[in-house]
Amino acid sequence: VNEEGFVKNELGRIRKFREIKSPNWQVRAAAERAAVNFPIQSLAADVIKVAMINIYKEISKQYSVNSKQEEIKMLLQVHDELVFEVKEDRVEVWTKKIKELMESAVKLSVQIVVEAKVGDNWGELEPLNKN
C-alpha cells in the first residue's frame, strides 16, 4: 500500500485501503492482508473476465456465420475456471479455440497455461489431451 492508501494491479485496477491507517490493530492487520492479496486476486479476476468476453465474441461470430443449432454454451464461471456444454463431435475444436483465447487474453510477463478437462459431469472430468 502506498502513501495514498491504495494498491494497483498490473492492469491498472485500483483499490483503496483506508483501514490501513486504523488505530485498531485487527482492522489494520486485515487491511494489510487484503492489500497483499489484491494484486494477484484482482489480476486473476481481470484475466478471466477478458477471456470470457473474447470467448463470447468467438461463439457469437460462429453463430452469425453459421445458423446451426448451438454446438457450445458457456454455462458457468467458478473462480478461474469456465464450464461449457459442447456437442460431443465439436469438443476438440472448441477446446483448442477456448484454450488459445484464454491463454492470450492478457499479455503478462509470465505465460498463462490453460488445462482443459472433459466429462459428463464435474466428478468425471479428465484431461482432454496433454497439449
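For the structure itself, look to the data block above.
Since the structure is predicted, the reported quantities are computational estimates derived from the model, not experimental observations.

Caption draft 1: Region of interest: a negative patch on the surface. Together, Glu-88, Asp-89, Asp-120, Glu-124 and Glu-126 give the surface a local cluster of negative charge. Of note, Glu-126 is situated in strand β6 (residues 126–127).

Caption draft 2: Summary view of the pattern of salt bridges. For the structure on display, the rule yields six salt bridges. The partner of Glu-58 in a salt bridge is Lys-97, and the shortest N-O contact between them spans 3.9 Å. Taken as a pair, Glu-58 in helix α1 (residues 25–65) and Lys-97 in helix α2 (residues 91–103) lie far apart in primary sequence, 39 residues in all. Judged by its relative accessible area of 15%, Glu-58 is buried. Residue classification places Lys-97 among the partly exposed residues on the basis of a relative accessible area of 22%. Note that Arg-90 is salt-bridged to Glu-71, the shortest N-O span being 3.0 Å. Placement of Arg-90 in the loop between β4 (81–86) and α2 and of Glu-71 in the loop between α1 and β3 (72–78) is noted, with a sequence separation of 19 residues between them. Linked by salt bridges that have partners in common, Glu-58, Lys-61 and Lys-97 make up one network.

Caption draft 3: Looking closely at the environment of Leu-101. You can see Leu-101 is positioned in helix α2. C-alpha separation for the pair Leu-101 and Ile-53, spaced 48 residues apart in sequence, amounts to 9.7 Å. Leu-101 has contacts with Asn-54, Ile-55 and Glu-58, leaving out every residue within four places of it along the chain.

Definitions and limits used
Residues numbered from 1 in each chain as written. Predicted model: local features only at pLDDT ≥ 70, side-chain atom pairs only at ≥ 80, totals over all residues. Heavy atoms only, no water. Patch = residues over 30% accessible without salt bridge, like charges linked within 9 Å, V, L, I, M, F, W, Y side chains within 5 Å. Areas by Shrake-Rupley, 256 points an atom, 1.4 Å probe, with all protein chains shown as cover. Salt bridge = Lys/Arg side-chain N within 4 Å of Asp/Glu carboxyl O. Lys, Arg positive; Asp, Glu negative; His and termini not counted. Charge placed at Lys NZ, Arg CZ, Asp CG, Glu CD. Helix = DSSP H or I, 4+ residues; strand = E, 2+ residues; numbered from the N terminus. Buried < 20%, exposed > 50% of the residue type's maximum accessible area, 1.4 Å probe, protein only. Contact = heavy atoms within 4.5 Å.

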